[in-house]
Amino acid sequence: MNIVDRPEVLVVGFAVRTANADEMDPTRARLPALWARAGAPGAFAHVPGKVDENLYAVLTDYQSDHNGPYTQVVGVAVRSAAALPEGMVAVRVPKAAAMKLEARGQMPGALVECWQRVWKHTESGATPPRAFTTDLEVHHPEGADLYIAILPPRQG
């Protein structure tokens with residue numbers, strides 16, 4: 001994991017509220033349907049001002065930590081969100097210091113493995129600590145890059 005300055009990005013897409021415990025139970029999991037909807041051919045064809053062809057997953061509105069509910073938005077990066085297509089939301093991912101991890105290999109297994117490393121880092125109390133503000137996944141042809149928001153170092 002290396003520390004980077006994650007740039008601000010604006011994402012327009014579909015959103016669900018979920019929790020990791022729910023995602024472990026196929027009868028309660030909401031992310032597979034969200035990803036199926038976002039991955040459907042032409043799902044974002046009518047979104048104006050796309051920055052690139054990548055898919056972005058924003059994890060935000062954490063109730064507490066990785067054990068509590070959060071919101072995931074899967075969509076595309078845009079220059080502005082003046083007019084949202086029906087059923088979509090816009091979320092601004094603020095510029096922040098972040099741990100960057102790269103998921104490469106067979107998906108979704110490589111992505112799950114990356115998140116397991118993040119959870120292990122969190123549960124072990126390793127530094128830097130997670131901020132639980134807004135995390136970002138950028139999905140591209142080579143795999144996915146995870147940007148996990150971190151707390152700034154304590155001054156003193």
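Described in the following lines is the structure provided in the data block. Everything numeric in this text was worked out from a predicted model, so none of it was measured. (Residues numbered from 1 in each chain as written. Predicted model: local features only at pLDDT ≥ 70, side-chain atom pairs only at ≥ 80, totals over all residues. Heavy atoms only, no water.)

Scanning the protein from N- to C-terminus turns up three helices and eight strands. In the protein, the order of α-helices and β-strands from amino to carboxyl end is β-β-α-α-β-β-β-β-α-β-β. For 156 residues, the compact-globule estimate of 2.2 N^0.38 gives 15 Å, and the C-alpha radius of gyration of the protein, at 15 Å, lies within 12% of that figure. A principal-axis box enclosing the C-alpha atoms of the protein has dimensions of 50 × 40 × 30 Å. Sorting the 156 residues of the protein into buried and exposed places 45% on the buried side. For the protein, restricting intrachain contacts to residue pairs at least 6 apart in sequence, the fraction spanning at least 24 positions comes to 70%. (Helix = DSSP H or I, 4+ residues; strand = E, 2+ residues; numbered from the N terminus. Rg over C-alpha atoms; globule rule 2.2 N^0.38 Å. Buried < 20%, exposed > 50% of the residue type's maximum accessible area, 1.4 Å probe, protein only. Contact = heavy atoms within 4.5 Å.)

Looking at helix H2 (residues 31-39), one finds that the buried residues are Leu 31, Leu 34 and Ala 38. The buried residues of H2 occupy one face: seen down the axis, they fall within an arc of 60°. More than 90 degrees from the buried face of H2, the exposed residues found are Pro 32, Ala 33, Ala 36 and Gly 39. Contact partners of the buried residues in H2: strand S2 (9-18), helix H1 (20-23), strand S3 (55-60) and strand S4 (70-78). (Arc of directions from axis to C-beta.)

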